[in-house]
Amino acid sequence: MSEIERVAEPYVGEVMLQCHAQMFDFRHTNAIVVSGAALNPCGHMLLSTGGGWYFHVAVRKGPPRYMREPGYARYLKDHGKRQLRRTPVRVPEPEAAHRKLEELLGKPWSWWVVPNNCASFVEDVVQAGGSKAGLYFNCPTSERFQ
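As the structure is a computational prediction, the values presented were derived from the model and not from experiment. (Residues numbered from 1 in each chain as written. Predicted model: local features only at pLDDT ≥ 70, side-chain atom pairs only at ≥ 80, totals over all residues. Heavy atoms only, no water.)

A.B. asks: Any chance you could break down the nonpolar core for me, citing the residues and the numbers?
C.D. replies: Counting 28 residues, the largest nonpolar core has Phe 26, Met 45, Leu 47, Phe 55, Leu 101, Phe 121 and Phe 145 as its most contacted members. For this core, the secondary structure elements donating two or more residues are strand S1 (25-34), strand S2 (44-50), strand S3 (53-56), helix H2 (94-105) and helix H3 (118-128). Considering every element that reaches this core, the biggest residue donor is H3, with 6 residues. Sequence-distant contacts of Met 45, defined by excluding residues within four places in its chain, comprise Ala 31, Ile 32, Val 33, His 56, Cys 118, Ala 119, Val 122, Leu 135, Pro 140 and Phe 145. One finds Tyr 11, Met 67, Tyr 75 and Leu 76 within the second-largest nonpolar core, a separate group that totals 9 residues. (Core = buried A, V, L, I, M, F, W, Y, C linked by side-chain atoms within 4.5 Å. Buried < 20%, exposed > 50% of the residue type's maximum accessible area, 1.4 Å probe, protein only. Helix = DSSP H or I, 4+ residues; strand = E, 2+ residues; numbered from the N terminus. Contact = heavy atoms within 4.5 Å.)

A.B. asks: Describe the state of the cysteines, and please don't skip the residues or the numbers.
C.D. replies: Inspection of every chain in the model, using the stated rule, returns 1 disulfide. Across a sulfur-sulfur distance of 2.1 Å, Cys 42 and Cys 139 are joined as a disulfide pair. Judged by the sign of its S-S torsion, about -105 degrees, the bond between Cys 42 and Cys 139 is left-handed. Remark: Cys 139 occurs in the segment after H3 and Cys 42 occurs in the loop between S1 and S2; sequence separation between them is 97 residues. Cys 118 takes part in no disulfide bond, and the closest cysteine sulfur, belonging to Cys 42, lies 8.4 Å away. (Disulfide = S-S within 2.5 Å.)

A.B. asks: Run through the packing of aromatic side chains, naming residues and quoting values.
C.D. replies: Within the structure shown, the criterion is met by 7 aromatic pairs. The interplanar angle of 75 degrees and the centroid separation of 5.0 Å between the aromatic rings of Phe 24 and Phe 55 together place this pair among those described as edge-to-face. On the criterion of sequence distance, the pair formed by Phe 24 in the segment before S1 and Phe 55 in strand S3 is long-range, its members being 31 residues apart. On the basis of relative accessibility, which here comes to 2%, the residue Phe 24 falls in the buried class. (Phe/Tyr/Trp six-rings, centres within 6.5 Å; stacked < 30°, edge-to-face > 60°.)

A.B. asks: Explain the sheet that holds S3 residue by residue, including any values.
C.D. replies: Spatial ordering of the open sheet is given by S5-S3-S2-S1-S6, a layout of 5 strands whose pairing is antiparallel. For this open sheet the edge positions go to strand S5 (65-68) and strand S6 (83-89), each flanked by a neighbour on one side alone. This sheet shows a mean twist of 25 degrees between the axes of neighbouring strands, independent of strand direction. Pairing geometry for S1 and S2, over 6 bridges, is antiparallel. Its bridge partner being in S2, Val 34 is matched across the sheet by His 44. Contacts from helix H1 (residues 69-79) reach S1, S2, S3, S5 and S6 within the one sheet, and its direction differs from that of S5 by about 110 degrees. H2 rests against S1, S2 and S3 of the sheet, and its axis sits at about 50 degrees to S1. (Pairing = 2+ DSSP bridges. Axes fitted to C-alpha atoms, helices over the stretch in contact; angles between N-to-C directions.)

Here it is, written out as structure tokens:
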């Protein structure tokens, strides 16, 4: 198959190859729930910080990904997803959340469906920042992130 015949893969975001120069704005943090794939009734969860930054685990084994606002729109379109909910999350210790996010962005994430999934990624970051928010069953479409 030639390069021209290859079909482009659906967009999942970028791998962050170096630390971001400024701290992400955790004063405007949201847990975002989007619709899931046909075999995923729980949907998918992403972390959003102020300034139009989005973070999530997108592959079974690999580093988490980031997107800016246009990338998020492309991600939704490429995967036929829609945003179901955007829940504000209070993060009292933004520096600690930032350090945790940088740590997680720099190493592979092993996705295990319900445990260690997209929701637990978001929980790990915001809880490192002093939030008590999370999900009990790790199924974003069936419960509120609180």
